Amino acid sequence: MAACLDDGMDEDGIFKALADPSRRRLLDGLNARSGQTLRELCAGLEMTRQSVSKHLAVLEAAGLVTTVRRGREKLHYLDAAPINAIADRWMSRYDRERARALADLKTALEQTPMTASEFVYTTYINTTPERLWEALTDPAFTRRYWGVSFETDWKPGSAITWHEENATTADPEQVVLEADPGRRLSYTWHTFTPEWAKSVGVDEETRQKLMAEPRSTVTFDIEPVGETVKLTVLHRAGEALLGMSEQGWPHVLSGLKTLLETGVPLPTA
């Protein structure tokens, strides 16, 4: 039986996926620029399109690559969470060269390229699509794991008012983009007002950087997988917001998963 990490990831499958140098090159390519098509990934590799597809299938099965459909194209994104989980588990036991090599790979994959404009995170939750949708949209849920609540009817084009900490943010450009219950939710991010910055402890210099960037969007794709649900979060943002969000999203989504699976939110820091 394959060994599994605590969150259900297939440890043997991850090691198998990483053992092949061609698959490691594909991960390197996605680490340099995430969100590539199959055609883009094939460029510069001495492999046939079919071979690249097979390698990507292994990486996706191991949870190291996440795919998102955009029209007729399928975009591939790096998901370093399985590598981080293995590194955290095994490096605490061994300090030889292999552990150091794994540490180097973990560090490299955690570093977001300066040109990145998207953050992608995938998690599997023991719940139903309907329950997950409720957890993403119902203020009674979102307040418990996120500390945020939304005031909207969740219809495409409708405005969204954010309630976070001691700040309430409303803006005509804070809107619902897509809303397909149990399948897909997308909306624009909130406005960085002085009140918001004060409530969350963001300094004025950082707030000005955030305000100078184009408004970002977040998309939640929900897909049933056996008895679980695959949730893929895609956040398109500027450099300043992406740097903040890539730290916050894993905690928010871990809180969401914990609340849905146990009924108890994660303790606050």
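Residues numbered from 1 in each chain as written. Predicted model: local features only at pLDDT ≥ 70, side-chain atom pairs only at ≥ 80, totals over all residues. Heavy atoms only, no water.

### Quick notes on the overall build of the chain
Looking only at helices and strands, one finds 11 helices and 10 strands in the chain. Of the contacts made within the chain by residues no fewer than 6 positions apart, 57% connect residues no fewer than 24 positions apart. When the accessible surface of the chain is totalled, it reaches about 14,500 Å², and 50% of it is carbon and sulfur. (Helix = DSSP H or I, 4+ residues; strand = E, 2+ residues; numbered from the N terminus. Contact = heavy atoms within 4.5 Å. Areas by Shrake-Rupley, 256 points an atom, 1.4 Å probe, with all protein chains shown as cover.)

### Considerations on the environment of Thr232
Checked against the element boundaries, Thr232 lands in strand E10 (residues 228-236). Judged by its relative accessible area of 5%, Thr232 is buried. Counting along the chain gives 13 residues from Thr232 to Thr219, while the straight-line C-alpha distance between them is 8.0 Å. (Buried < 20%, exposed > 50% of the residue type's maximum accessible area, 1.4 Å probe, protein only.)

### Focus: the environment of Arg49
Its place among the elements puts Arg49 in helix H4 (residues 49-61). Taking the C-alpha atoms as reference points, Arg49 and Arg39, separated by 10 residues in sequence, lie 7.7 Å from one another. Ignoring anything within four residues of it in the chain, the contact list for Arg49 reads Leu38, Arg39 and Cys42.

### Side note on the sheet that holds strand E5 (residues 161-164)
The antiparallel open sheet is built from 3 strands, whose spatial order is E4-E5-E6. Every interior strand has two partners, whereas the edge strands, strand E4 (148-151) and strand E6 (167-169), have only one. Direction aside, the axes of adjacent strands within the sheet are offset by 20 degrees on average. With 4 bridges joining them, E4 and E5 adopt antiparallel strand pairing. Bridge pairing in E5 places Phe150 opposite Trp162. (Pairing = 2+ DSSP bridges. Axes fitted to C-alpha atoms, helices over the stretch in contact; angles between N-to-C directions.)

### Quick look at the side chain of Thr142
Take Thr142: it is sitting in helix H8 (residues 139-145). Engagement of the side chain of Thr142 in a polar contact is seen with the backbone oxygen of Val148, the distance being 2.7 Å. For Thr142, the contacting residues outside a window of four places in its chain are Ala135, Leu136, Thr137, Gly147, Val148, Ser149 and Phe150. (Polar contact = N/O pair within 3.5 Å; in protein donor to acceptor, adjacent residues only side chain to side chain.)

### Quick look at unusual backbone geometry
Unlike most non-glycine residues, Trp154 shows phi in positive territory, near 55 degrees. Structurally, Trp154 is set in the loop between E4 and E5.

### Describing the confidence of the model for the chain
Of the residues in the chain, 84% have a pLDDT of 70 or more, and the chain-wide mean is 84. Taken as a whole, residues 110-115 scores under 50 in pLDDT and shows 8 contacts with residues more than four places along the chain or in a different chain. (pLDDT = per-residue confidence, 0-100.)

### A short note on the packing of aromatic side chains
The final tally for this structure, using the stated rule, is 16 aromatic pairs. For the ring pair Tyr145 and Trp146, a centre distance of 6.4 Å and an interplane angle of 25 degrees mean the geometry is stacked. Each member of the pair, Tyr145 as well as Trp146, carries the same accessibility label: buried. Ring-pair connections join several aromatic residues into one group, and the members of that group are Tyr145, Trp146, Phe150, Trp154, Trp162, Tyr187, Trp189, Phe220 and Trp249. (Phe/Tyr/Trp six-rings, centres within 6.5 Å; stacked < 30°, edge-to-face > 60°.)

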